[in-house]
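# Descriptive structure summary
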Amino acid sequence: MKVLVVNAGSTSVKFKLYDMADQSVVAEGNCQRVGLKDSEIKYVDTAGKKFLFTEDLANHNAAFAKIMALLTDGETKVIGSIGEIDAVGHRVSMGGPKYVKTVFADESVLAEADALSDITPLHNPPQVNAIRACKEVFGDAIPMTVGFDTAFHQTMPETSYIYPIPYEYYEKYHVRRFGFHGLSYQFVTDRYAELTGNPLDNHCMVVCHLGGGASATAIKNGKSMDNTFGFGTGQGLLCGSRAGSFDHVAVGYIMSKTGMTYEEAEEMLHKQSGLLGISGISSDEREIEDAAAQGNKRAQLALDVMAQQVKKYIGAYAFEMGGLDTLVFTGGIGENSDIMRAMVCDGLEAFGIRMDKGLNVEKNRSEANISAADSTVDVWIIPTNEELVIAQDTVKLIAAAGK
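Residues numbered from 1 in each chain as written. Predicted model: local features only at pLDDT ≥ 70, side-chain atom pairs only at ≥ 80, totals over all residues. Heavy atoms only, no water.

### Some details on the overall build of the chain
On a plain count of helices and strands, the chain comes out with 15 helices and 14 strands. Overall, the chain is about 60 × 55 × 45 Å in size when its C-alpha atoms are taken along their principal axes. A burial count over the chain gives 51% of its 403 residues as buried. Here the analysis covers contacts within the chain between residues at least 6 apart in sequence; of these, 61% occur between residues at least 24 apart. Just so you have it, the chain exposes about 18,200 Å², and 52% of that area is on carbon and sulfur atoms. (Helix = DSSP H or I, 4+ residues; strand = E, 2+ residues; numbered from the N terminus. Buried < 20%, exposed > 50% of the residue type's maximum accessible area, 1.4 Å probe, protein only. Contact = heavy atoms within 4.5 Å. Areas by Shrake-Rupley, 256 points an atom, 1.4 Å probe, with all protein chains shown as cover.)

What follows is the structure, encoded as C-alpha cells:
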C-alpha cells in the first residue's frame, strides 16, 4: 500500500510518498513559493538522488499537478501512474477539542477545520485549501485522511487546559490550551515504547521537541498531561523567532512606547523575537552556537535562556506527573545539538538526570539512549517522524473502515 503524506502551508506543499509494506520513503519533496513567481521544487527519489526545479506554480492545484508529474514521469519517475497511490494523508494544525485521532477528510471535517481558522489563521486556511485542491487532482475515489497536531493533547485534564480568565471566554469562544506538535509527540511516545519494550502505563516522560518551533510535553501513561504551547503557538518556550511566554503587560507597554498596532506587535512577537530577538543574529541555533563559540555574549545569552526555560518545564512537569522516568530530545535542535542537550541536563543530576557526555556527542543526530550508567532517568534522542505517523494512522483507519 502506498500512502502520500502532505503537509501544506500558505506558499508551500511538503510531501512524502511511503510504501507501507516496509514503511520506506519512495520519494519526497517540497514545493516552495506556491502562488509566487519562480516557485522552487525540491525532490528526492527512491535512490536518494536530489533534483531542484524552478517554475511558476500559480496555486496548490498546480503544485499537486507538479507533484504527480514528478512521481510518474521522466527521470524523477518512481511509480507507473497516479493509480498506484492508495491513499493521501494530510496534516492540519488545529482540530479543536473534538478531534482526538486521525479521521477521513470528508467535507464536514474540512468545514469544521475551516471554522477554526480564526484560532490558527496562518495554518488551517492553507491546509484546508490544500486538501480541497488535492481532492480536485485525485478525485473522490481515493481515501484521504486528516491528522491534527492538537489531537494528541486532548487527553490533558481541565487543570492543564483551562486559563485563569473569565470562564465565559472558554464557554463562548473555546479560549483554552490546545497544545501543538502532537503528531511529533505521538511518534516519539510510540517509538520509545517500541525501542525499549517498556509498557507506557505507570510511566512518566517529558519530551522536548526543540527546533524553530519549540515545546515540551508531560506524558503520563502514554497520554499527554500538559504541553507548553497554548491556545496558539505563542505560549511556552521561546522559539527561533517567537517570544514564548512572558508578562502580557509588557506588550501593552511596548505598544504605548513605540506606537505599534496590535498587528505590528504580533509580528514582533512571532517573527522578531525568541532566539533571534535575544541574539540579534539569527533564528537558527547553529549560527547562534557558532557565534557563541566565538565569544558573542548575546548569542551565548540566547542559548542560556533557552536551556534554562527547558529545565524549568522539565522540573515542573516532573512534579505535575508525580515523577519522571524518561527524558527525550527530538526536533531539529533536540536531535542535532549536543550543545543544547548538555546545557539542559547540566545541573539536573540531583534529580536523577545524568547524561553520558561522550554518548551525547557520539550519538548526535541519531536514535540513542545517552544516559549515564548511574542515571535513574532514561535520557534519549529520538528523531521525530510526523509524516510516518500520518501514514500509519491512514493505513489503520482504512483497514478499520474496510476500504
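### Points about the sheet that holds strand β10 (residues 215–220)
Pairing in this open sheet of six strands is mixed, and the strands run β11-β10-β9-β12-β14-β13 from one edge to the other. The open sheet is flanked by β11 (223–227) and β13 (368–369), the only strands paired with a single partner. Bridging between β13 and strand β14 (residues 378–381) involves two bridges; their strand directions are antiparallel. When the sheet's bridge partners are listed, asparagine 369 is paired in β14 with tryptophan 380. (Pairing = 2+ DSSP bridges.)

### A look at the pairing of strand β5 (residues 50–55)
Note: strand β4 (residues 39–44) against β5, six bridges, orientation antiparallel. By the bridge assignment, serine 39 is partnered in β5 with glutamate 55. In textbook terms, the turn of a hairpin is the stretch between consecutive antiparallel strands, and for β4 and β5 this stretch comprises five residues, one of which, glycine 48, has a positive phi near 90 degrees.

### Topic: the nonpolar core
The biggest cluster of nonpolar side chains holds 46 residues, and the ones touching the most others in it are Cys208, Leu210, Ile314, Leu327, Phe329, Met340 and Ile353. Counting residues per element, this core draws most heavily on helix α11 (residues 297–321), which supplies ten residues. Leave out the neighbours within four places in its chain, and phenylalanine 329 touches Cys208, Leu210, Gly334, Arg341, Val344, Cys345, Met355, Val379, Trp380, Ile381 and Ile382. Of all hydrophobic cores here, the second largest spans 41 residues; its members include Val13, Ile41, Val92 and Cys134. (Core = buried A, V, L, I, M, F, W, Y, C linked by side-chain atoms within 4.5 Å.)

### Things to note about empty space enclosed by the protein
Applying the stated criterion across every chain yields a total of one cavity of 30 Å³ or more. If you trace the largest cavity, you find it lined by Ile162, Tyr163, Ile165, Pro166, Tyr167, Tyr169, Tyr170 and Val175. For the lining of the largest cavity, a count of residues per class yields eight nonpolar, no polar and no charged. (1 Å grid on protein atoms, 1.4 Å probe; cavity = no way out; pocket = protein on both sides within 12 Å on 5 of 7 lines; lining within 4 Å. Points joined across faces, edges and corners; volume = space filled by probe spheres on them. Nonpolar A, V, L, I, M, F, W, Y, C, P; charged D, E, K, R; others polar.)

### Comments concerning unusual backbone geometry
In this structure, glutamine 23 is a non-glycine residue whose phi angle is positive, near 60 degrees. As for its placement among the helices and strands, glutamine 23 is situated in the loop between β2 (12–19) and β3 (24–32). Of note, arginine 365 is a non-glycine position whose phi angle comes to about 70 degrees, a positive value. By the element assignment, arginine 365 lies in the loop between α14 (357–362) and β13. Take arginine 365: its relative accessible area is 59%, and that puts it in the exposed class.

### So, helix α3 (residues 124–138)
The first and last C-alpha atoms of α3 sit 21 Å apart over 15 residues, in line with the 21 Å expected at 1.5 Å per residue. Turning to α3, its buried residues are Asn124, Pro126, Gln127, Val128, Ala130, Ile131, Ala133, Cys134 and Phe138. On the buried face of α3, the contacting elements are β1 (2–9), α1 (60–72), β6 (87–92), α2 (107–115) and β8 (144–148). Positive phi shows up at glycine 139, right after α3, with a value of about 85 degrees. (Expected span 1.5 Å × (residues − 1).)

### Observations regarding helix α7 (residues 249–258)
Burial within α7 is sparse, with just one of its ten residues counted as buried. Positive phi shows up at glycine 259, right after α7, with a value of about 80 degrees.

### Considerations on the packing of aromatic side chains
For the structure on display, the rule yields eleven aromatic pairs. Aromatic pair phenylalanine 15 and tyrosine 43: ring centres 6.3 Å apart, planes at 35 degrees, arrangement tilted. Separated by 28 residues along the polypeptide, phenylalanine 15 in strand β2 and tyrosine 43 in strand β4 bring together distant segments of the chain. Of the two residues, phenylalanine 15 and tyrosine 43, neither departs from the other in class, the shared state being buried. Pairing phenylalanine 180 with phenylalanine 229 gives two aromatic rings, centres 6.1 Å apart and planes at 80 degrees, and the pair type is edge-to-face. Residue phenylalanine 180 is located in the loop between α5 (167–173) and α6 (182–196), and its partner phenylalanine 229 is located in the loop between β11 and α7; the two are separated by 49 residues in the primary sequence. Comparing phenylalanine 180 with phenylalanine 229 shows no difference in burial state: the two are buried. (Phe/Tyr/Trp six-rings, centres within 6.5 Å; stacked < 30°, edge-to-face > 60°.)

Everything listed here is a matter of geometry and, on its own, says nothing about what the molecule does.
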